[in-house]
Amino acid sequence: MTSQGQSSSFPSDDNNGQSSFRGKLLTIDSKLGNQDVEGLKFLCRDCISHKNLEESSSASDIFDHLLAQELLSEEDPFFLAELLYIIKQKSLLRYLSQSKEQVESLLPTRRRVSLFRNLLYELSEGIGSENLKDMIFLLRDSIPKIQMTSLSFLAYLEKQGLIDEDNLRLLEDLCRRVVPNLMRKIENYKREKASQVVTRPTDQELESLHQREEGPFSHSHIEQLLEALPEAGVYRMDRKHRGHCVVVNNHKFTSLSDRRGTNTDAEHLRHVFEWLGFSVHVYHNVTKGHLDEVLQEYKCHPGHADGDCFVFCVLTHGKFGAVYSSDGTLVPIQEITSHFTAQQCPGLAHKPKLFFIQACQGEEIQPPVFIEADAVNPERVSPSLQDSIPDEADFLLGLATVPGYVSFRHVEKGSWYIQSLCNHLKSLVPRHEDILSILTAVNNDVSQQADRQGTKKQMPQPAFTLRRKLVFPVPQEKLEQ
């Protein structure tokens, strides 16, 4: 039953005339509440002027603007269907002769709401009133003292230029501190954004180019050029060699406890990355001075010029954005990664640089005897993981655990994270999965593991500035177990 009686004079199955379509829109309007209207206004920020949105007090006002801008019509109501789908009013799709399944199938090719705006809306749904108070408290000096909803709060951050589709650092810090479970939505957004690719021209478009007499290239020339280009959105993996993989494996320390089981991790990493075609170099019990020498060597390594990729793994104790050398020096992860920027290491410019860190990043606990934690002298404040990678493209940092928490290592079998990483590389590379999909599977696997009592858990976390998909070629040789 509708809340506005006049909508009953426009039955939903009447398709005759514009008045009938407007009647359906009025029916939809009557079934939407104030919160839905706020959501529609937010989702339309990229296509309706700020002034018009400010003056819109109902869904029908928004529909009028969409109709006027030819973003909505009886012949093509998909944009409104997309909006209703996002705000979870899927039952209203029937008034547009659409179904949930139809919308889902068309979204990949007909999406109008940007991935970024969709992300902000999804995050707003997960930010409760108490969470919002905490976030505003953290930013009190930057936020006006006015009543805000989670949506208006995010809209304000965007309007002030504090967040945008390529800059989520502030948002990540807020979510990590206040609502950690929302970090998964942000990582999903990054993966989906990174996977967007440029499409190859259709045969019809190629034929059109061929038919232009003034064109300098023939149809066959254009085909040859396209074949010569690497697949759009995928890193090149066909140079002379795959690249170098460095493993820093610290087992014994001058002032910290031994890391039993780490040699198993180092051997598995060697095994898997050699299988993937890398030249693997393992360094044991590395002091700060030796680490500086290793970093300098690979920063200037001439082999990078003919390599596809670079991998650097660190197995050690750690603490909040930093790792320990074997002589007890705390080394910021950012100090390691900064050696391989395009300016410092031109041979790796525009190539993927992967860093995997097996080390705790915070709060020490007392686990049972058959597992150990890689934490040292924990603190409570956790920095942004994104701060550990350079502010430029083509980096990936995989941490065994989120900042502020321990990671676990079996004293014989090795660490949960490295063993899962190796196992998933072995199983998913032959299925042509990209590295972010593989790390997602690793996250899922490690998050489901627990100690014998079922009380100790762990969640890995990646941060990345990759611009394309990274898909390792399937090795010709079968990996020996």
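For the structure itself, look to the data block above.
Quick look at the structure, then.

Procedures and definitions
- Residues numbered from 1 in each chain as written.
- Predicted model: local features only at pLDDT ≥ 70, side-chain atom pairs only at ≥ 80, totals over all residues.
- Heavy atoms only, no water.
- Helix = DSSP H or I, 4+ residues; strand = E, 2+ residues; numbered from the N terminus.
- Buried < 20%, exposed > 50% of the residue type's maximum accessible area, 1.4 Å probe, protein only.
- Contact = heavy atoms within 4.5 Å.
- Areas by Shrake-Rupley, 256 points an atom, 1.4 Å probe, with all protein chains shown as cover.
- Axes fitted to C-alpha atoms, helices over the stretch in contact; angles between N-to-C directions.
- Parallel < 35°, antiparallel > 145°, perpendicular 65-115°, else oblique.
- Expected span 1.5 Å × (residues − 1).
- Salt bridge = Lys/Arg side-chain N within 4 Å of Asp/Glu carboxyl O.
- Phe/Tyr/Trp six-rings, centres within 6.5 Å; stacked < 30°, edge-to-face > 60°.
- Pairing = 2+ DSSP bridges.
- Right-handed = clockwise from strand over helix to strand, strands pointing away.

### Details of the overall build of the chain
Thinking step 1. Counting secondary structure elements, the chain contains 18 helices and 12 strands.
Thinking step 2. The burial tally for the chain puts 49% of its 481 residues in the buried class.
Thinking step 3. At a minimum sequence separation of 6, the contacts of the chain that also span at least 24 residues come to 73%.
Thinking step 4. Entry remark: accessible area of the chain is about 23500 Å², with carbon and sulfur atoms responsible for 47%.

### Considerations on unusual backbone geometry
Among all residues save glycine, negative phi is the norm, and among peptide bonds the norm is trans.
Thinking step 1. The residue Asn 285 is not glycine, and still its phi comes out positive at about 50°.
Thinking step 2. With respect to the helices and strands, Asn 285 occurs in the loop between strand E2 (279-284) and helix H15 (288-299).
Thinking step 3. Note on Asn 285: relative accessible area 32%, which makes it partly exposed.
Thinking step 4. Residue Asp 394 is not a glycine yet carries a positive backbone phi of 80°.

### A word on the packing of helix H5 (residues 78-86) against helix H6 (residues 100-110)
Thinking step 1. Remark: H5 packs on H6, axes separated minimally by 10 Å, with the N-to-C direction vectors making an angle of 110°. Between H5 and H6, the crossing angle belongs to the class labelled roughly perpendicular. Across the interface between the two elements, Phe 78, Ala 81, Glu 82 and Tyr 85 from H5 touch Lys 100, Val 103, Glu 104, Leu 106, Leu 107 and Arg 110 from H6.

### What to know about helix H7 (residues 115-126)
Thinking step 1. With 12 residues, H7 should reach 16 Å at 1.5 Å per residue; the first-to-last C-alpha distance of 17 Å fits that figure.
Thinking step 2. By the criterion of burial, H7 is predominantly enclosed, with nine of the 12 residues buried.
Thinking step 3. Every buried residue of H7 is listed here: Leu 115, Phe 116, Arg 117, Asn 118, Leu 119, Leu 120, Tyr 121, Leu 123 and Ser 124.

### Here we look at the pattern of salt bridges
Thinking step 1. The tally for this structure, following the rule as stated, stands at 20 salt bridges.
Thinking step 2. For Asp 394, the salt bridge identified is with Arg 467, shortest N-O distance 2.9 Å. Of the two residues, Asp 394 sits in the loop between strand E8 (371-373) and strand E9 (395-399) while Arg 467 sits in the segment after strand E12 (461-464), which places them 73 residues apart along the sequence.

### Brief notes about the packing of aromatic side chains
Thinking step 1. Under the defined criterion, the tally for this structure stands at 12 aromatic pairs.
Thinking step 2. Ring plane angle 75° and centroid distance 6.4 Å describe the contact between Phe 310 and Phe 355, whose orientation is recorded as edge-to-face. Of this pair, Phe 310 sits in strand E3 (residues 307-315) while Phe 355 is found in strand E7 (residues 353-358), placing the two residues 45 residues apart along the sequence.
Thinking step 3. A ring pair is formed by Phe 312 and Phe 340, whose centres lie 6.2 Å apart and whose planes are at 45°; its orientation type is tilted.

### Quick look at the sheet that holds strand E6 (residues 330-332)
Thinking step 1. Spatially, three strands are ordered E4-E5-E6 in an open sheet, and the strand pairing comes out antiparallel. Where the open sheet ends on each side, the last strands, each with one partner, are strand E4 (318-319) and E6.
Thinking step 2. Pairing analysis gives two bridges linking E4 to strand E5 (residues 322-324), with the strands arranged antiparallel. Looking at the pairing, Gly 318 lines up with Val 323 of E5.

### Some thoughts on helix H17 (residues 416-428)
Residues spaced three or four apart along an α-helix face the same direction, because each turn holds 3.6 residues.
Thinking step 1. Taking 1.5 Å of rise per residue, the 13 residues of H17 would be expected to cover 18 Å, and the 18 Å separating its terminal C-alpha atoms lies within 8% of that figure.
Thinking step 2. Of all 13 residues in H17, 10 are buried, a share of seventy percent or more.
Thinking step 3. Among all positions in H17, only Trp 416, Tyr 417, Ile 418, Gln 419, Ser 420, Leu 421, Cys 422, His 424, Leu 425 and Leu 428 are buried.

### Digging into the environment of Leu 276
Thinking step 1. For Leu 276, the position within the fold is in the loop between helix H14 (262-275) and E2.
Thinking step 2. Take Leu 276: its relative accessible area is 3%, and that puts it in the buried class.

### Here's the deal with the pairing of strand E1 (residues 241-249)
Thinking step 1. The buried fraction of E1 is high, at eight of nine residues.
Thinking step 2. In the sheet, E1 pairs with E3 via eight bridges, with the strands oriented parallel. In the strand pairing of E3, Val 246 is matched with Phe 312.
Thinking step 3. With six bridges connecting them, E1 and E2 associate as parallel partners. Looking at the pairing, Cys 245 lines up with Val 280 of E2.
Thinking step 4. Crossover E1 to E2 through H14 is right-handed.

### Digging into the environment of Leu 106
Thinking step 1. Tracing the sequence through the fold places Leu 106 in helix H6.
Thinking step 2. Its relative accessible area of 30% is what places Leu 106 among the partly exposed residues.
Thinking step 3. Between the C-alpha atoms of Leu 106 and Glu 82, which are 24 residues apart in sequence, the distance is 9.2 Å.
Thinking step 4. When near neighbours in sequence (up to four residues on either side) are disregarded, Leu 106 contacts Phe 78 and Arg 111.

### Side note on the pairing of E7
Thinking step 1. For E7, a buried count of six out of six residues is recorded, marking the element as mostly surrounded by other parts of the structure.
Thinking step 2. Taken together, the six bridges between E3 and E7 define a ladder with parallel strand orientation. Across the sheet, residue Cys 313 finds its bridge partner in E7, namely Phe 356.
Thinking step 3. Of the pairings in the sheet, the one linking E7 to E9 comprises five bridges and is parallel in character. Directly across from Leu 354, in E9, lies its bridge partner Leu 396.

### Regarding the environment of Ile 435
Thinking step 1. Its place among the elements puts Ile 435 in helix H18 (residues 435-447).
Thinking step 2. According to the relative accessible area criterion, Ile 435 is buried, its value standing at 2%.
Thinking step 3. Setting aside its immediate chain neighbours within four residues, Ile 435 contacts Leu 396, Leu 425, Leu 466, Leu 470 and Phe 472.

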